[in-house]
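Letter by letter, the chains look like this.
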Amino acid sequence: MHNLRNVLEDLDRQIVQLLCRDGRMSFTDLGRATGLSVSAVHQRVRRLEQRGVITSYVALVDPSQVGLALTAFVSIKEIDPSQPDDAPDRLTHLPAIEACYSVAGEESYLLKVRVSDPAALEALLQEIRAAANVSTRTMVVLSTPYEGRPPNL
């Protein structure tokens with residue numbers, strides 16, 4: 001990410017920072033905050049979207065309010081290293097997996113999962129093991145002081 005400072009102009013970086021904090025900010029408000037006209041902001045945002053800097057706009061929900069009170073991190077390791085490394089592809093059908101990270105170390109991937117309760121986590125772990133032919137190691141999240149922070153641009 002340190003190259004982002006070289007890739008983005010200061011105004012574009014400022015627009016991205018503002019949208020990371022409030023993805024529903026209007027072009028008028030973005031213009032006020034940056035000193036640009038509404039049309040100039042619109043062009044810059046469109047260009048940032050086309051370049052893939054801005055990839056989407058989403059609504060963030062409180063997982064516990066939608067029945068997903070338990071968050072866990074599950075590291076996975078292939079049981080048979082001679083098999084293809086296709087665990088992410090084998091697990092895409094499981095909606096409880098919120099994120100999949102390729103990691104260095106003993107395990108190959110780290111999964112962030114959200115489920116309703118320990119029984120649902122146990123069932124998900126069985127599904128993960130069966131679908132991807134992996135062993136798992138799980139850490140249950142006790143609390144989340146912060147999450148989804150905007151990037152430091």
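Residues numbered from 1 in each chain as written. Predicted model: local features only at pLDDT ≥ 70, side-chain atom pairs only at ≥ 80, totals over all residues. Heavy atoms only, no water.

*Asks:* Got a minute to help me understand the packing of aromatic side chains in this structure?
*Replies:* How two aromatic rings sit relative to each other is set out by the distance from centre to centre and by the angle between their planes. By the definition in use, this model includes zero aromatic pairs. Stacked on the ring of tyrosine 146, the Lys or Arg arginine 149 has its end atom at 4.2 Å from the ring centre. (Phe/Tyr/Trp six-rings, centres within 6.5 Å; stacked < 30°, edge-to-face > 60°. Lys NZ or Arg CZ within 6 Å of the ring centre and 35° of its normal.)

*Asks:* I keep staring at the sheet that holds strand S4 (residues 134-140) and nothing clicks. Help me out?
*Replies:* Paired through backbone hydrogen bonds, the strands of a sheet run either parallel or antiparallel to each other. Taken in spatial order, the four strands of this open sheet run S2-S3-S1-S4, and their pairing is antiparallel. Two strands close off the open sheet at either side, each with one partner strand: strand S2 (97-102) and S4. The sheet shows a mean angle of 25° between the axes of neighbouring strands, direction not considered. Bridge count for strand S1 (residues 70-78) against S4 is seven bridges, and the pairing is antiparallel. (Pairing = 2+ DSSP bridges. Helix = DSSP H or I, 4+ residues; strand = E, 2+ residues; numbered from the N terminus. Axes fitted to C-alpha atoms, helices over the stretch in contact; angles between N-to-C directions.)

*Asks:* Could you clarify how one ought to interpret the pattern of salt bridges in this entry?
*Replies:* Charged atoms that come close allow side chains of opposite charge to pair. In the structure shown here, the tally under the stated rule is twelve salt bridges. Its salt-bridge partner being aspartate 29, residue arginine 32 comes within 2.7 Å of it at the nearest N-O pair. Here aspartate 29 and arginine 32 lie together in helix H3 (residues 27-34), a separation of three residues that amounts to about one turn. With a relative accessible area of 34%, aspartate 29 lands in the partly exposed category. Through salt bridges that share partners, Glu9, Asp12, Arg44 and Arg47 make up one connected network. (Salt bridge = Lys/Arg side-chain N within 4 Å of Asp/Glu carboxyl O. Buried < 20%, exposed > 50% of the residue type's maximum accessible area, 1.4 Å probe, protein only.)

*Asks:* Is there a simple way to think about the packing of H3 against helix H4 (residues 38-50) in this case?
*Replies:* Any two packed helices are characterised by how steeply their axes cross, that is the angle between the axes, and by the distance between the axes. Put simply, H3 and H4 touch, their axes get as near as 8 Å, and they point 100° apart. One element, H3, and the other, H4, form an angle in the roughly perpendicular class. Residues Phe27, Thr28, Leu30, Gly31 and Thr34 of H3 form the contact with H4, whose participating residues are Val38, Val41, His42 and Val45. Grouping the constituent residues of the contact of H3 with H4 by class yields five nonpolar, four polar and no charged. (Parallel < 35°, antiparallel > 145°, perpendicular 65-115°, else oblique. Contact = heavy atoms within 4.5 Å. Nonpolar A, V, L, I, M, F, W, Y, C, P; charged D, E, K, R; others polar.)

*Asks:* So what exactly am I meant to see when it comes to the layout of surface pockets here?
*Replies:* Any empty space left between atoms is shown by rolling a water-sized probe over those atoms. Each pocket or cavity is described by its volume, and for the largest pocket that value is around 950 Å³. Among the elements of the structure, helix H2 (10-21) and S2 are those that each provide at least two residues to the lining of the largest pocket. Among the elements that make up the lining of the largest pocket, the one with the highest residue count is H2 (four residues). Of the residues in the lining of the largest pocket, the class split is 21 nonpolar, four polar and seven charged. Two domains share the lining of the largest pocket, each providing at least three of its residues, namely domain 1 (8-49) and domain 2 (61-139). Each pocket or cavity is described by its volume, and for the second largest pocket that value is around 160 Å³. Taken together, Thr71, Phe73, Glu98, Tyr101, Lys112, Arg114, Val141, Thr144, Glu147 and Gly148 form the lining of the second largest pocket. Of all the secondary-structure elements, those providing two or more residues to the lining of the second largest pocket are S1, S2 and strand S3 (109-115). Taken together, the residues of the lining of the second largest pocket break down into three nonpolar, three polar and four charged. (1 Å grid on protein atoms, 1.4 Å probe; cavity = no way out; pocket = protein on both sides within 12 Å on 5 of 7 lines; lining within 4 Å. Points joined across faces, edges and corners; volume = space filled by probe spheres on them. Domains from an automatic or database assignment.)

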